[in-house]
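A closer look at the structure
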Amino acid sequence: MNIGDMIFQLVFFIFIFGLFSGVFFLVRSLVTKQPSKSESSEQKLDRIIDLLEKEKKK
């Protein structure tokens with residue numbers, strides 16, 4: 001086996017590994033952003049419920 005072939009295979013392996021890692025982290029970041037949006041909407045709903053309960057007490 002030639003040294004040039006080994007270097008090419010190593011570089012190509014690193015490229016493929018980097019590509020899969022990039023896709024993995026991109027998908028992971030998109031998935032973790034969605035729960036934060038739902039938490040924000042839950043907090044808003046809790047605030048609305050609290051305000052409605054305060055109005056009922058008056």
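What you see is a predicted model; the values in this text were computed from it and never measured.

Here's the deal with a nonpolar patch on the surface
- On the surface, a nonpolar cluster with roughly 710 Å² of combined accessible area is contributed by F8, F12, F15, L19, V23, V27 and V31.
- Locating V23 in the fold gives a position in helix 1 (residues 3-57).
- Given the relative accessible area of 47%, V23 is considered partly exposed.

Points about a positive patch on the surface
- On the surface, R47, K54, K57 and K58 cluster together to form a positively charged patch.
- You can see R47 is positioned in helix 1.

Topic: a negative patch on the surface
- Together, E42, D46, D50 and E53 line one region of the surface with negative charge.
- The residue E42 is located in helix 1 in this model.

Observations concerning the packing of aromatic side chains
- On inspection of all chains with the given rule, the structure shows three aromatic pairs.
- Measuring from ring centre to ring centre gives 6.1 Å for F8 and F12, while their planes differ by 20°; the resulting arrangement is stacked. Placement of both F8 and F12 in helix 1 is noted, with a separation of four residues, approximately one turn of the helix.
- For F12, a relative accessible area of 47% corresponds to the partly exposed category.
- Ring geometry for F12 against F15: centres 6.4 Å apart, planes inclined by 35°, an arrangement best described as tilted. Remark: F15 and F12 occur in helix 1; sequence separation between them is three residues, near one turn of the helix.
- For F15, a relative accessible area of 51% translates into the label exposed.

About the criteria used
Residues numbered from 1 in each chain as written. Predicted model: local features only at pLDDT ≥ 70, side-chain atom pairs only at ≥ 80, totals over all residues. Heavy atoms only, no water. Patch = residues over 30% accessible without salt bridge, like charges linked within 9 Å, V, L, I, M, F, W, Y side chains within 5 Å. Areas by Shrake-Rupley, 256 points an atom, 1.4 Å probe, with all protein chains shown as cover. Salt bridge = Lys/Arg side-chain N within 4 Å of Asp/Glu carboxyl O. Helix = DSSP H or I, 4+ residues; strand = E, 2+ residues; numbered from the N terminus. Buried < 20%, exposed > 50% of the residue type's maximum accessible area, 1.4 Å probe, protein only. Lys, Arg positive; Asp, Glu negative; His and termini not counted. Charge placed at Lys NZ, Arg CZ, Asp CG, Glu CD. Phe/Tyr/Trp six-rings, centres within 6.5 Å; stacked < 30°, edge-to-face > 60°.

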